[in-house]
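If you want the building blocks of each chain, they are given just below.
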Amino acid sequence: MARNKVDLRQVFLPQDAIAFVVIAIGLFIALFLDEMAVRLIGVCIAVLGGVALFMMVSPRLTDLSVKRPPRPTESPSFQSETHVDPLKKSQVFDRAAYQEKFGAEDASGEQVVDERQTALFPEMINEAERRTHEQAPSSPDLLDGTKELGDGASSVRIVSVRGPKKDRAAEPPLTINSRAAQRAAELQAMAGGSSAGTNESSAEPVSDPTPRSTPPSEPTIPTVVTEEIQLSDDVIVRPRSSDSKPFVPPPTPPAEPRSDAPFEESAGDVDEADAAVPAVAASAAARPRVTITLADEEASVPAPAPVSHKRRRSEISVSAFMADEDEEMESSEEPRKEFDYLVNRVLMVIRSATIARTAAFFWYNREKQQLVLEAKITDVEDHFTKKRKIQVGHDVISQIAREGRPEILTQISPAAELDLLPYYQFKANTASFVGVPVYFKGNVVGVLCADAAEEDAYTDVTVGFFGHFTKLISGLVSSYTTKFDLQQAARTLDAMRTFKSIMDESSDTESDVVQALFETAVRLMDVSTIGVCMFDRTKRIWTIADARSVYSDYQELVGSPIDLDQALIGECIKSGEVLTVTDPDMIRVSADEYSLRGGQLVCIPLRSARRTYGALYIENSEASLSQQDISISEQIGDLAGDALERIRSTEQLQQGALLDVGTGLLNKEGVERRLQEEFARSMDYQVPLTVCLVEIDGAFDATKRQAVLDRIIERIRQQIRDYDVVGRYNEQLIAIGLVAYRAQEAQFWAENLRREIASTPIEVEGKRITSTISLGLAEARPSESWESLIANATTALEASTRQQNKVTVFS
């Protein structure tokens, strides 16, 4: 048992020396001087010094005489082994029993399965069966006292083996068990009633695609499973017939791997819409078929195919708690502070209820093999290490994390203290230590530990006491990872809304998509350089479409070609997967780029469901993007890929169509084709042809401009002939082909149109407005080409627009 000890160094301090000197002087006067009056003065001096010393020491004694906290009385129901070696005495507890008691996951987070609905939804029967298998014990050696915990070849001597002191307390019955028992009774009653032919069920039968000749009087029988399903510890639903074959779940077809084949471009003509890299989608496998029993008749019903989502749900793992402060995402600051606060309160409770000089909680990063200090409360701050991350080694905390077994150390040798306890950088005279693993989803994610300067300060009761706090910490981890997920989903949704709002205000072009990507990414994270690589359909090569950088000369790289086989971003474009490279030493995007030693490159594919259209790349010279930021960027990249596919598809439709959707006139493709035909006929048969370009003067808002445009088109249609050509050349111009009109005749026609438009006001939104137009005319000549004819008409129009409300003929 631990004994209370008083450290005189904490009772008497250097400033008490004055009181001791006064007492000594008073005693000297009272004992060694002859005169009685002087001796009485010495006694008074000694008494006054003693009173002063008492007043200074009394508060310290009060602080040190705090009543020892009560110890927990519950004894753990699992066995342990005691090992003794020259460096320490250790008590190691059984892992399976400890994990069963303190590492089991609560069922609250699982999908709720209502056994009353299993007749309507057969997949719920499979879910109940899955849980039955998961609840079965995974290890045959359960607390039987025969499990070997030590190594026979080791120098450690086994002193004793402890068994459980008492039986484990029975858990209270769950509501689901009673409901399952009630449902089992109903199933058995309905099964019995169906054999007699008198039971009628209101439940809908599972549809059978195979037609059967069933008498109308036959009662409807709900689905009965063909395998025993254990709904609880004491309720088992059995099939109706004993010769039913057990249900065998169909094998899940493996998903086809994504192709990493490089993008190849043929030397001939390549379709512009097919210039993007095709994205390989998983082929749809044949649906498995599940066999169920319907009133002793067998039917095959197609099982629902697994749903595949292109966009993966972003989940926050426990590693988010292990990151350094500069690596944490900004929005996680608040839940992280709450988690730290609660863990510190747990450590305070542990210290108040046990003898603990130091209480600490460490994360266990299995991938990096590190112990990460999350929280600590200690009386020996000067001895505690300044490092937050400790490499996993042969110390006791690393052993607890690796093996998942609680352990108590006593009789710790001073020579081995720093080797056993890695969180001390100087010897602290530790005599006792206790550490227990923290389980989350079946894996060790942390270690909760404490130490004391007293001998035998911890027992197996302390392990059970700590175990309850590990369940609390595991619950906190589950709660705050869920909170992290919600915050991550909120940040993702906010980024998607930002991207969509920017695109809604744009003209829906590829450059608008790039600008929306830049603005959304810059709002989301800090970057040194950001750019987009896409296929240039004019040059027929992959280039840097646009870029922004803190380096002023980086803008010169915009438009430079990219070698997909040599640059790192080419791997991202060809595979359609996110690429993250730290301290890259290869060509990242262009051979003329700046060095990024010690930085980070993140490449995000701009992909749709069918193909990859390019990649967004983000470079940071100092800081690194968190995995959460990369995940959000990937979602935005998918949105950009969908937008690019929509733009490309719209362009393809417009190229195939000849009519303008808004006005019903010929579009640019159609009007050019018709004017070229009329130009060819004019050259062959010497028929005059004059081209007229019309543009609206002044600036109007969208509503007024559309009203003016509709009025002009109406007047043009009234004045042209059936065989004349009219179409919308672009957003600003209307092109007219006046067949058999020479320039002078066309000028008269254009003047009449100009005057009519200028003198006829129109009413828009309750207001009367007037507008004018400028016109440019050019007549086809045998010595000129079609391109020259359009250029001449454009030159004449430019002269008219400078003056406005004017007709100009090219001569």
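Residues numbered from 1 in each chain as written. Predicted model: local features only at pLDDT ≥ 70, side-chain atom pairs only at ≥ 80, totals over all residues. Heavy atoms only, no water.

**Comments concerning the overall build of the protein**
Okay, so step 1: Helices and strands together make up the secondary structure of the protein, namely 17 helices and 26 strands.
Okay, so step 2: Here the protein holds 811 residues, and 44% of them are scored as buried.
Okay, so step 3: Residue pairs in contact within the protein that sit at least 24 positions apart in sequence constitute 64% of those at least 6 positions apart.
Okay, so step 4: Only carbon and sulfur atoms are counted for the fraction: they give 52% of the accessible area of the protein, which is about 44,300 Å². (Helix = DSSP H or I, 4+ residues; strand = E, 2+ residues; numbered from the N terminus. Buried < 20%, exposed > 50% of the residue type's maximum accessible area, 1.4 Å probe, protein only. Contact = heavy atoms within 4.5 Å. Areas by Shrake-Rupley, 256 points an atom, 1.4 Å probe, with all protein chains shown as cover.)

**Examining the nonpolar core**
Okay, so step 1: Counting residues in hydrophobic clusters, the biggest one holds 62 residues, and the most contacted among them are F362, I397, Y423, F433 and L448.
Okay, so step 2: Here the element with the most residues in this core is helix 10 (residues 460-504); it accounts for eight residues.
Okay, so step 3: Grouped together as the second largest cluster of nonpolar side chains are 30 residues, V514, M534, I636 and L644 included. (Core = buried A, V, L, I, M, F, W, Y, C linked by side-chain atoms within 4.5 Å.)

**Remarks on a nonpolar patch on the surface**
Okay, so step 1: Taken together, the side chains of V43, V47, V51, F54 and M55 define a hydrophobic patch exposed on the protein surface, amounting to about 500 Å² of accessible area.
Okay, so step 2: Inspection of the secondary structure puts V43 in helix 3 (residues 36-64).
Okay, so step 3: Among the residues examined, V43 registers a relative accessible area of 41% and is labelled partly exposed. (Patch = residues over 30% accessible without salt bridge, like charges linked within 9 Å, V, L, I, M, F, W, Y side chains within 5 Å. Salt bridge = Lys/Arg side-chain N within 4 Å of Asp/Glu carboxyl O.)

**Side note on the sheet that holds strand 22 (residues 733-739)**
By definition, the strands of a sheet pair up through backbone hydrogen bonds, in either a parallel or an antiparallel sense.
Okay, so step 1: Taking strand neighbours across the sheet as the criterion, the five strands line up as 21-22-20-25-26 in an open arrangement whose pairing is mixed. Looking at strand neighbours, the two that pair on one side only are strand 21 (725-728) and strand 26 (807-809), the edges of this open sheet. Taken over all neighbouring pairs, the strand axes of this sheet differ in orientation by 15° on average, direction set aside.
Okay, so step 2: Where strand 20 (residues 689-696) meets strand 25 (residues 773-779), seven bridges bridge the pair, whose relative direction is antiparallel. Opposite C692, over in strand 25, you have L777 as the bridge partner.
Okay, so step 3: Here helix 17 (residues 786-803) sits on the sheet in contact with strand 20, strand 22, strand 25 and strand 26, set at roughly 150° to strand 25. (Pairing = 2+ DSSP bridges. Axes fitted to C-alpha atoms, helices over the stretch in contact; angles between N-to-C directions.)

**Some words on the packing of aromatic side chains**
Okay, so step 1: Following the criterion strictly, the structure yields 16 aromatic pairs and no others.
Okay, so step 2: Both rings, one in F28 and one in F32, keep their centres 5.1 Å apart while their planes meet at 35°; by these two values the pair is tilted. In this pair, F28 and F32 both sit in helix 2 (residues 17-32), four residues apart, roughly one turn of the helix.
Okay, so step 3: Joined through ring pairs, the aromatic side chains of F339, F361, W363 and Y480 make up one cluster.
Okay, so step 4: Its end group placed over the ring of F384, K376 keeps NZ or CZ at 5.3 Å from the ring centre.
Okay, so step 5: The lysine or arginine in question, R588, covers the ring of Y594, its NZ or CZ lying 5.0 Å from the ring centre. (Phe/Tyr/Trp six-rings, centres within 6.5 Å; stacked < 30°, edge-to-face > 60°. Lys NZ or Arg CZ within 6 Å of the ring centre and 35° of its normal.)

**Digging into the environment of Y617**
Okay, so step 1: Its place among the elements puts Y617 in strand 19 (residues 611-620).
Okay, so step 2: For Y617 and I569, which are 48 residues apart along the polypeptide, the C-alpha to C-alpha distance reads 7.5 Å.
Okay, so step 3: Polar contacts involving the side chain of Y617 include one to the side chain of Y554, which spans 2.9 Å. (Polar contact = N/O pair within 3.5 Å; in protein donor to acceptor, adjacent residues only side chain to side chain.)

**A word on the side chain of R357**
Okay, so step 1: Relative to the helices and strands, R357 is located in the loop between helix 7 (333-353) and strand 9 (358-365).
Okay, so step 2: Owing to a relative accessible area of 11%, R357 belongs among the buried residues under this scheme.
Okay, so step 3: Among the polar contacts listed, one links the side chain of R357 to the side chain of T430, at a separation of 2.6 Å.
Okay, so step 4: Leaving out residues up to four positions away in the same chain, R357 has contacts with R351, I377, T378, D379, V380, Y424, A428, N429, T430, D451, A452 and A453.

**Some words on helix 15 (residues 702-719)**
An α-helical segment advances 3.6 residues per turn. Residues three or four places apart therefore align on the same side.
Okay, so step 1: Between its terminal C-alpha atoms helix 15 stretches 26 Å, which fits the 26 Å expected from 18 residues at 1.5 Å a residue.
Okay, so step 2: The complete set of buried residues in helix 15 reads R705, V708, L709, R711, I712, I713, R715 and I716. (Expected span 1.5 Å × (residues − 1).)

**Considering the pattern of salt bridges**
Okay, so step 1: Scanning all chains against the criterion turns up 35 salt bridges.
Okay, so step 2: R388 serves as the salt-bridge partner of E374, at 3.7 Å between the closest nitrogen and oxygen. Residue E374 is located in strand 10 (residues 370-378), and its partner R388 is located in the loop between strand 10 and strand 11 (389-391); the two are separated by 14 residues in the primary sequence.
Okay, so step 3: It is possible to trace a salt-bridge network through shared partners that takes in E510, R537, R648 and E651.

**Section: the pairing of strand 25**
Walk down a regular strand and you will see the side chains alternate between the two sheet faces.
Okay, so step 1: Most of strand 25 is tucked away, with seven of its seven residues classed as buried.
Okay, so step 2: Side chains of strand 25 alternate between two faces, with I773, L775, L777 and E779 and S774, G776 and A778 buried alike.
Okay, so step 3: By the bridge criterion, three bridges tie strand 25 to strand 26 in an arrangement that is parallel. What sits directly across from G776, in strand 26, is T808.
Okay, so step 4: In terms of handedness, the path from strand 25 via helix 17 over to strand 26 forms a crossover that is left-handed. (Right-handed = clockwise from strand over helix to strand, strands pointing away.)

**Observations concerning the pairing of strand 19**
Okay, so step 1: The buried count for strand 19 comes to ten of ten residues, which makes it a mostly enclosed element.
Okay, so step 2: Judged from the six bridges that link them, strand 15 (residues 529-536) and strand 19 form a sheet pairing that is antiparallel. Pairing of T529 across the sheet is with E619, part of strand 19.
Okay, so step 3: Here eight bridges tie strand 18 (residues 600-607) to strand 19, and the two strands are oriented antiparallel to one another. Its bridge partner being in strand 19, C603 is matched across the sheet by Y617.
Okay, so step 4: The antiparallel hairpin formed by strand 18 and strand 19 contains three residues in its connecting segment.

**Here we look at the confidence of the model for the protein**
Okay, so step 1: Mean pLDDT for the protein: 76, with 69% of residues reaching 70 or above.
Okay, so step 2: Per-residue pLDDT stays below 50 along residues 194-315; that stretch engages in 173 contacts with residues further than four places along the chain or on separate chains.
Okay, so step 3: Predicted confidence is poor over residues 325-332, with pLDDT under 50, and the contacts of this stretch with residues over four places away or in other chains come to 13 contacts. (pLDDT = per-residue confidence, 0-100.)

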